[in-house]
Amino acid sequence: MSHPPYPWQREIWARLCGTHREGRLGHALLMSGRPGVGKSAFARAFAGFLLCESPQALAPCGSCRGCLLQTAGNHPDYALVVPEEDAKAIAIDQIRELIEFFTLKSHYGGPKVAVIEPADGMARAPANALLKLLEEPPSGAVLCLVAARADALLPTLRSRCQRIALDKYPATLATAWLEGALPANQQGEAGRLLAQCGGGPLAALALVTRGGQGEQDEVATLMAKVAAGERHALHAAGDSAHIAAGELLDAMLRAAQDQVWRQYDCTPVAAPDRVLNGSGNALNLRRVFEFMDTAFEFKGLLAGGTNVREADVRASVWLSWMQAARTRPQSGRG
Ligand SMILES: [Zn+2]
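Basis of the calculations
- Every chain is numbered on its own, with residues counted from 1 as its sequence reads.
- pLDDT decides what is reported in this predicted model: residues at 70 or higher carry local features, side-chain atom pairs at 80 or more are listed and counted, and totals for whole chains, interfaces and linings draw on all residues regardless.
- Hydrogens are left out, water is left out, and the side-chain values use all remaining heavy atoms of the structure.
- A residue's pLDDT is the predictor's confidence in that residue, given on a scale from 0 to 100.
- In this description, contact between two residues means that some pair of their heavy atoms is separated by no more than 4.5 Å.
- The split into domains, and so the bounds of each, comes from an automatic or database assignment of domains.
- Grouping buried Ala, Val, Leu, Ile, Met, Phe, Trp, Tyr and Cys residues that are joined through side-chain atoms within 4.5 Å yields what is termed a nonpolar core.
- Type-normalised accessible area, obtained with a 1.4 Å probe on protein chains alone, sets the label of each residue: buried when under 20%, exposed when over 50%, and partly exposed for intermediate values.
- The secondary structure listing takes helices from DSSP runs of H or I that are at least 4 residues long and strands from runs of E that are at least 2 residues long, numbered from the N terminus.
- Axis definition: a line fitted to C-alpha atoms, over the contacting stretch in the case of helices. Angles run 0 to 180 degrees between N-to-C directions.
- Note on terminology: angles under 35 degrees are roughly parallel, angles over 145 are roughly antiparallel, angles of 65 to 115 are roughly perpendicular, and the others are oblique.
- Note: two strands are recorded as paired if DSSP finds a minimum of 2 bridges between them.
- The handedness rule is simple: strands pointing away from the viewer, and a clockwise path from the first strand over the helix to the second, make the crossover right-handed.
- By salt bridge we mean one thing: a side-chain nitrogen of Lys or Arg within 4 Å of a carboxyl oxygen of Asp or Glu.
- Note that water is not among the atoms used; donors are N, O and S atoms within 2.8 Å of the metal (3.2 Å for Na, K and Ca), so sites may look incomplete.
- The rule is simple: four donors are tetrahedral if all their angles sit between 85 and 135 degrees, four are square planar and six octahedral if opposite donors span more than 155 degrees and the others lie between 65 and 115, and anything that fits none of that is irregular.
- A patch consists of residues exposed above 30% relative accessible area that lack any salt bridge, with like charges linked at up to 9 Å and nonpolar side chains (Val, Leu, Ile, Met, Phe, Trp, Tyr) linked at up to 5 Å.
- The accessible surface values rely on the Shrake-Rupley method and a 1.4 Å probe; as for residues, cover is taken only from the protein chains in view.
- All tallies of charge rest on Lys and Arg as positive and Asp and Glu as negative; His and the ends of each chain are not included.
- To locate a charge, take NZ of a lysine, CZ of an arginine, CG of an aspartate or CD of a glutamate.
- A helix is expected to reach a length of 1.5 Å times the quantity of its residues less one.
- In this context, the arc is that of the directions from the helix axis out to the C-beta atoms.
- It is the rotation of the near helix from the far one that decides the hand of a crossing: anticlockwise by less than a right angle makes it left-handed, clockwise makes it right-handed.
- Charged residues are taken to be Asp, Glu, Lys and Arg, nonpolar residues to be Ala, Val, Leu, Ile, Met, Phe, Trp, Tyr, Cys and Pro, and polar residues to be all remaining types, Gly included.

K.L.:
I tried to follow the confidence of the model for the protein on my own but got confused; where do I start?
P.N.:
Low pLDDT means the predicted coordinates in that region are not meant to be read closely. When pLDDT is averaged across the protein, the result is 88; 91% of the residues are at 70 or more. Ignoring residues within four places in sequence, the model shows residues 267–274, a span with pLDDT below 50, making 17 contacts including any to other chains.

K.L.:
Sorry, what's going on with the domain arrangement of the protein here?
P.N.:
By a widely used convention, the size of an interface equals the accessible area lost when the partners come together. Here the protein is described as being made up of domain 1 (7–165) and domain 2 (210–331). Each of domain 1 and domain 2 has a C-alpha centre, and the two are 36 Å apart.

K.L.:
How should the nonpolar core be read in this particular structure?
P.N.:
Soluble globular proteins tend to bury their nonpolar side chains together. Residues L29, M31, F42, F46, I164 and L178 are the most contacted members of the largest nonpolar core, which totals 39 residues. Listing elements by their share of this core, those giving two or more residues are α1 (10–21), β1 (28–32), α2 (39–51), β3 (112–116), β4 (141–147), α7 (171–181), α8 (190–197) and α9 (201–209). Setting aside residues no more than four positions away along its own chain, M31 makes contact with L16, K39, F42, A43, F46, C144, L145, V146, A147, I164 and L166. Counting residues in hydrophobic clusters, the runner-up holds 34 residues, among them A251, A295, W318 and A324.

K.L.:
Teacher, can you tell me more about the packing of helix α13 (residues 285–303) against helix α14 (residues 310–325) here?
P.N.:
To describe two helices that pack against each other, one gives the angle between their axes and the distance between the axes. It is the contact of α13 with α14, at a shortest axis distance of 9 Å, that shows an interaxial angle of 170°. In terms of axis orientation, α13 runs roughly antiparallel to α14. The segment α13 lies against α14, with R287, F291, T294, A295, F298 and L302 engaging V313, S316, V317, S320, W321, Q323 and A324.

K.L.:
Even after reading the chapter, I still don't get the pairing of β3, so can you show me in this structure?
P.N.:
Walk down a regular strand and you will see the side chains alternate between the two sheet faces. Of all five residues making up β3, five are buried, and the element is well covered by its neighbours. What you see with β3 is no split at all: K112, A114 and I116 on one side and V113 and V115 on the other are buried throughout. In this structure, strand β2 (residues 78–81) lies alongside β3, joined through four bridges in parallel fashion. Looking across to β3, one finds that Y78 is bridged to V113. Where β3 meets β4, five bridges bridge the pair, whose relative direction is parallel. Considered in β4, the bridge of V113 is made with V142. Viewed along the sheet, the connection from β3 through helix α5 (residues 124–135) into β4 turns out right-handed.

K.L.:
Can you help me understand the pattern of salt bridges in this one?
P.N.:
When the charged atoms of two side chains with opposite charge come close together, those side chains can pair. Throughout the structure, instances matching the rule amount to 14 salt bridges. When the shortest N-O distance is used, the salt bridge between E22 and R24 registers 2.5 Å. Both residues of the pair, E22 and R24, belong to the exposed class. Counted as one network, the salt bridges with shared partners bring together R286, R287 and E290.

K.L.:
Just to check I follow, could you spell out the coordination of the zinc ion for this structure?
P.N.:
When a metal holds four donors in a tetrahedron, each ideal angle between them is 109.5 degrees; when it holds six in an octahedron, the ideal angles are 90 or 180 degrees. For the zinc ion, the protein coordination sphere consists of C52 (SG), C61 (SG), C64 (SG) and C67 (SG), at 2.3 Å. Of note is the zinc ion, whose four donor atoms meet at the metal with angles of 105 to 118° in an arrangement that counts as tetrahedral. Mapping the donors of the zinc ion onto the primary sequence gives the spacing C-x8-C-x2-C-x2-C. Classification of C64 by relative accessible area gives buried; the value is 11%.

K.L.:
Would you mind going over a negative patch on the surface with me for this structure?
P.N.:
A contiguous patch of negative charge on the surface is contributed by E84, E85, D86, E97 and E100. The residue D86 is located in the loop between β2 and α4 (92–103) in this model. Overall, D86 belongs to the exposed group, its relative accessible area being 75%.

K.L.:
Any chance you could explain α4 here in plain terms?
P.N.:
One turn of an α-helix holds 3.6 residues; hence residues three or four places apart share an orientation. Taking 1.5 Å of rise per residue, the twelve residues of α4 would be expected to cover 16 Å, and the 17 Å separating its terminal C-alpha atoms lies within 8% of that figure. Among all positions in α4, only Q94, I95, L98, F101 and F102 are buried. Buried residues in α4, looked at end-on, bunch into an arc of 110°, giving them a common side. Seen from the open side of α4, the exposed residues pointing more than 90 degrees away from its buried face are E97, E100 and T103. Looking at the buried residues of α4, the elements they touch are β2, β3, α5 and β4.

K.L.:
Even after reading the chapter, I still don't get the packing of α7 against α9, so can you show me in this structure?
P.N.:
Closest axis-to-axis distance for the α7/α9 pair is 10 Å, and the angle between their directions is 25°. In terms of axis orientation, α7 runs roughly parallel to α9. The two elements α7 and α9 meet at a crossing, and its hand is right-handed. Residues A174, W177, L178 and A181 of α7 lie in contact with α9, whose contacting residues are P201, L202, A204 and L205. Classifying every residue of the contact of α7 with α9 by side-chain character gives eight nonpolar, no polar and no charged.

Okay, structure coming up:
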């Protein structure tokens, strides 16, 4: 792994290494940024840097005991806490295990480091247990909390963390990287993809490589049909049943965002084949924004690990879209 993992992270990486060198690194770091900015890789790489026994200024040495154990995935002073198997969120038992991990002395006398991801989808009980740990951090402990939305964390948790915002970087670095990573038939598309996906460079690349672009077009076309009254919401829910609910929500949000841009006439992504309202009439933007709020709420429900059925989410989000898209601006009465 290179350090930092991605070129757009160079500045924040250097700053964090400097903070560490000066002994000003906190016990808890909150690494946040929207999907696809490389939070995971950043957190894991920084954990590796902390566990290196003879680090250079900006990178681990790669050959010491700490580096070798970390690369092999079995450093005894490192804990990676991620949701188990099909679970969407970290469970209370996992935080209890983490607390136990920190009660043991460091194996090699260095720091004990944990990466906790995602930190923003946790239920109340594990979040409170984690808070207890942060309130009385064991000496030498460094906890890296990874979150797409820092503001979704308990304020009491958030206030105990040093904030590392991974969202802020020069767009040119991201575009250049993505351009280099795109397949030959997508060359020159980096800027458009980044604008369209609403996420970081990795999200944009994933959209292309998993064929998400086809899925995106499919969802947008279906949204246009529902908006034009050619297809009912519940039929659309059936038509899109092969798409995981989370990905469907993302695709619908991207398409709605596209529509907003188009209507504001600042269309970095103008694609005439995907105009949602088909007829050429504008949609009621206030209702489109309401729809987007609803879609975000559904995303939260799914991420929260609560017991929601994907089929119900799919039906509800399509109904919500039908309501929003069939209200014309002149007749929009909220
Ligand atoms: Zn090393």
